[in-house]
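Structural features, examined
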Amino acid sequence: MLNIGIVGLGDISQVHIHAIKYNSNAQLVAVCDVDPTYSDKIPNVHFYSNLEEMLRSEKLDCVHVCLPHYLHVWATKTCVEHGVHVLQEKPLANNAK
Ligand SMILES: NC(=O)c1ccc[n+]([C@@H]2O[C@H](COP(=O)([O-])OP(=O)(O)OC[C@H]3O[C@@H](n4cnc5c(N)ncnc54)[C@H](O)[C@@H]3O)[C@@H](O)[C@H]2O)c1
């Protein structure tokens with residue numbers, strides 16, 4: 001069973017939540033968003049407002065990065081540095097560099 005986290009609980013995260021829910025090999029265990037109003041939206045899933053805190057506190061196999069474009073590189077790098085796989089929304093980065 002893969003333990004999954006999501007960072008960014010905006011529009012597209014609903015698609016990810018649905019996909020994880022119907023994957024018998026995965027379970028959503030933690031989510032992260034800077035907006036505290038999301039804290040009680042997903043029952044039985046730990047909520048964080050800081051990605052690094054979520055990575056330190058949870059034993060995650062993969063984080064789905066559902067953040068605005070300009071945060072993609074930062075979030076993916078942060079997850080990889082914690083030894084966690086990433087499923088990142090498009091685009092990979094703001095520019096090729
Ligand atoms: N694959 C697709 O078909 C598809 C469709 C829509 C969007 N997307 C991509 O998904 C990404 C997200 O899009 P969206 O429409 O869900 O955006 P959104 O603005 O609805 O959601 C982004 C969320 O990230 C949160 N956030 C911002 N900074 C944060 C931080 N530092 N830490 C934690 N949370 C933070 C915001 O509070 C917000 O809830 C974009 O890159 C977009 O291009 C892909």
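On to the overall build of the protein chain. Within the protein chain, the secondary structure is distributed over three helices and five strands. Reading the helices (α) and strands (β) of the protein chain from amino to carboxyl end gives β-α-β-β-α-β-α-β. Along the first, second and third principal axes, the C-alpha set of the protein chain runs to 40 × 30 × 25 Å. With 97 residues in all, the protein chain has 40% of them scored as buried. Across the protein chain, the fraction of contacts at a sequence separation of at least 24, relative to all contacts at a separation of at least 6, is 48%.

A few words now on the environment of asparagine 44. Positionally, asparagine 44 belongs in the loop between strand E2 (26–32) and strand E3 (46–48). C-alpha of asparagine 44 to C-alpha of leucine 55: the two residues are eleven residues apart in sequence and 18 Å apart in space.

Turning next to the layout of surface pockets. Approximately 240 Å³ is the volume found for the largest pocket. Lining the largest pocket are 15 residues; nearest its centre among them are Val7, Asp33, Val34, Leu67 and Leu71. Residue composition of the lining of the largest pocket, grouped by class: ten nonpolar, four polar and one charged.

Cut-off values and rules
- Residues numbered from 1 in each chain as written.
- Predicted model: local features only at pLDDT ≥ 70, side-chain atom pairs only at ≥ 80, totals over all residues.
- Heavy atoms only, no water.
- Helix = DSSP H or I, 4+ residues; strand = E, 2+ residues; numbered from the N terminus.
- Buried < 20%, exposed > 50% of the residue type's maximum accessible area, 1.4 Å probe, protein only.
- Contact = heavy atoms within 4.5 Å.
- 1 Å grid on protein atoms, 1.4 Å probe; cavity = no way out; pocket = protein on both sides within 12 Å on 5 of 7 lines; lining within 4 Å.
- Points joined across faces, edges and corners; volume = space filled by probe spheres on them.
- Nonpolar A, V, L, I, M, F, W, Y, C, P; charged D, E, K, R; others polar.

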